[in-house]
Amino acid sequence: MENMQNYYDFKTFITENAQKDNPQNNRARLRISVDHTKKTYNKKIKDMGVMLDCSRNAVPKLETIKQFIRYLSYMGYDFLGLYLEDTLKINHEPYVGYQRGAYTIQDIQGLDAYAKEYGIELRPYIQTLAHLNQIVRYEEYQQMIDVDDILLVGDARTHAFLEHLFETISQAFTTKKVNIGMDEAFMVGLGKYLEKNGYQNRLEIMQRHLKDVLAIASQYGYQVQMWSDMFFRLVAWGGYYNLSEEQIAKIQVPPNVTLAYWDYYSTDTKHYSDNIRIHKQISSHVSCVGGAWKWTGFVPHNQYSIHACKAMIQASIEHEVSEITFAAWGDDGAETSIFAILPTLFENAKQIYEDQMSDECFKILTGISIQDFLELDHVNPCIKDGYTHNNASKYFLYNDLLQGVFDSVAQVNMIDEINQTKQHLIKLKTQDKYLKNYFTTIIALCDVLACKLNLGNEIYQAYQDKNMQTLENITNKQLPKLVTYIDTFYQAFYTQWHTENHNQGFEVQTIRIGGLKQRIIDVQRQLQAYLKGEVTSIDELEEQHLEFHYFNDHAIERLNYNLWSHTVTTSKL
């Protein structure tokens, strides 16, 4: 993008327009410092964007995305990618997106035009091989499934589906750039394909499928990008890093495909540099994708994201990568607001624009200083310097009070840390309704966590000690208080979600939080029966509680566990 100068006083512009749906003078962006009047502005990476996950239950409303577009524009971004597994209504495929809050062609057309007014290109991120898990429930689509959620390569129904998909995105988006996915198809060729064709080289299977996808895409004039991981994993028995020269030599990437090297898990520049170098051995078209961590619960990992993205950005600049994307996934329910990652996106833009933006810009834009905003991370305890991350706020929320799978990693001092963070968040003021709602949710979550985090240990110990007075206090005071806190949290989260997203998807949260509340009521009932002598034992408390053992590494600083279904119970859900 060309060098740009601000047209008039930056502070006035942002103050008047950042929270308004007003594209006037939209080319004056937050790629500048408050001391800006005589500068021109370059950025080190030509094409800079964000990919927003719209397929993990939370499908943002059009007005929400418009606000997000305005933020991206003021921060100097070039494009916004919408990740759409089954949340785009596809021509001739009425059950794709059915009751999933999916966008229509007209919805995307309106967003596309709006984004252009703010200098943002809207791009589709689709799936053409795997990750189509929500449509496998329909028998019609089982015929084109190889195994799990992976399409059956070479099948006529698969081809027809892809034709319909590309026809639809060509009508919805004006861009000629598309990401076709094809990541994490670990079992490709090992299901129905194996039964029909016998075992074949699975890299060759994927390459044949890619050839078919490219042929369809070319009919619409698309420039194709795809995730790079399966090229590596299929020659390295699942590995993505540290391939041998012999393995690298087996990979043949079509010259008209851009490889998207995605990696969110390191803060080491050399790690990214080494892997970019390997990517460039197999393709002259390489882009990088870092992570804006919002996908492991209700709370983002902004500090970790900033460290990790900084390393990737530095490596990308060193290797002259022309495009970088920051992926905002929403795994296992997409509980976190898309606006919770604004600090990460700001710091990434600041680095790419060579520190031409001051932190004052962020405060003008959001109403909150970036340092105050970053305190949000500490709802997950033990974050420290941000070079490690955990999602304790989610697994402590859903950890069962009697089974106590996560009790061994709970520490009493975490409660003080969470309460201190809550007091800090209470003081934050902003005019952005999305941020207001989100912080209200997280403040309410803090109350739930402070009450519940160590309660399982207290119940277990009191039961073992036959301390009836403590059990009575827990039963008659603490558990009712916890139910009240959960009600408040649920109402805040309800408001946050329904302001920001389509209704569909929240029924999952209703089931989860409603189930949590009812389970606490049931625990109270069991304890009451025990205290009254109506039962002589409680099964879960009779069994010796063992240390957390899902992972070998129990260090709380690094303990991320995001599967609600395995957190809430040890039984089959």
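Nothing here was measured: the structure is a model prediction, and the numbers come from that model.

## Let's talk about the side chain of Q67
For Q67, the position within the fold is in helix 2 (residues 62-74). A distance of 2.9 Å separates a polar atom in the side chain of Q67 from a polar atom in the side chain of D432.

## Concerning the pairing of strand 10 (residues 323-328)
Note on strand geometry: in a regular strand, side chains alternate between the two faces of the sheet. Across the six residues of strand 10, six count as buried, placing the element largely inside the fold. In terms of strand pairing, strand 1 (residues 47-53) meets strand 10 through six bridges, oriented parallel. Within strand 10, the residue paired with V50 across the bridge is F326. Sheet topology places strand 9 (residues 286-291) next to strand 10; four bridges connect them, and they run parallel. Looking at strand 10, one finds that V289 is bridged to T325. Following the backbone out of strand 9, through helix 11 (residues 302-318) and into the adjacent parallel strand 10, one traces a crossover that is right-handed.

## A word on the state of the cysteines
For the coordinates displayed, the defined rule picks out zero disulfides. Of all cysteine sulfurs, the one in C309 lies closest to C54, which takes part in no disulfide; the gap is 19 Å. A disulfide-free cysteine, C309 has its sulfur positioned 11 Å from the sulfur of C288, the nearest such atom.

## Side note on the confidence of the model for the protein chain
When pLDDT is averaged along the protein chain, the result is 92, and 93% of the positions lie at 70 or above. In the predicted structure, residues 1-12 sits below a pLDDT of 50 and forms 38 contacts with residues beyond four places in sequence or in another chain.

## Details of the packing of aromatic side chains
Given two aromatic rings, their pairing is described by the distance between the two centres and the angle made by the two planes. Inspection of the entire model under this criterion finds 47 aromatic pairs. Arranged with centres 5.1 Å apart and planes meeting at 70°, the rings of F298 and F493 form a pair that is edge-to-face. Pair noted here: F298 is in the loop between strand 9 and helix 11 and F493 is in helix 19 (residues 468-500), with a separation of 195 residues, a long-range link. Pair check on accessibility: F298 and F493 agree, each one buried. Relative to Y561, the ring of F406 lies with its centre 6.0 Å away and its plane at 50°, an arrangement referred to as tilted. In this pair, F406 is assigned in the loop between helix 15 (392-398) and helix 16 (413-426) and Y561 in the loop between helix 21 (539-542) and helix 22 (564-567), connecting sequence segments 155 residues apart. Every member of this aromatic cluster is reached through a ring pair, and the members are F232, Y240, Y241, Y261, W262, Y264, Y265, W293, W295 and Y304. For the cation-ring pair, R123 lies above F79, with the distance from its terminal atom to the ring centre recorded as 3.7 Å. One cation-aromatic arrangement involves K176 over Y222; the distance from NZ or CZ to the ring centre is 5.3 Å.

## What about the packing of helix 16 against helix 17 (residues 433-452)?
It is at 9 Å that the axes of helix 16 and helix 17 come closest, and there the two elements cross at 155°. Classed by the angle they form, the pair helix 16 and helix 17 counts as roughly antiparallel. Between helix 16 and helix 17 lies a crossing whose hand is left-handed. Only F439, I442, I443, C446, D447, L449 and A450 of helix 17 make contact with helix 16, whose side of the interface consists of I415, I418, N419, K422, L425 and I426. Class assignment for the residues of the contact of helix 16 with helix 17 results in 10 nonpolar, one polar and two charged.

Rules and cut-offs
Residues numbered from 1 in each chain as written. Predicted model: local features only at pLDDT ≥ 70, side-chain atom pairs only at ≥ 80, totals over all residues. Heavy atoms only, no water. Helix = DSSP H or I, 4+ residues; strand = E, 2+ residues; numbered from the N terminus. Polar contact = N/O pair within 3.5 Å; in protein donor to acceptor, adjacent residues only side chain to side chain. Buried < 20%, exposed > 50% of the residue type's maximum accessible area, 1.4 Å probe, protein only. Pairing = 2+ DSSP bridges. Right-handed = clockwise from strand over helix to strand, strands pointing away. Disulfide = S-S within 2.5 Å. pLDDT = per-residue confidence, 0-100. Contact = heavy atoms within 4.5 Å. Phe/Tyr/Trp six-rings, centres within 6.5 Å; stacked < 30°, edge-to-face > 60°. Lys NZ or Arg CZ within 6 Å of the ring centre and 35° of its normal. Axes fitted to C-alpha atoms, helices over the stretch in contact; angles between N-to-C directions. Parallel < 35°, antiparallel > 145°, perpendicular 65-115°, else oblique. Left-handed = near helix turned anticlockwise from the far one by under 90°. Nonpolar A, V, L, I, M, F, W, Y, C, P; charged D, E, K, R; others polar.

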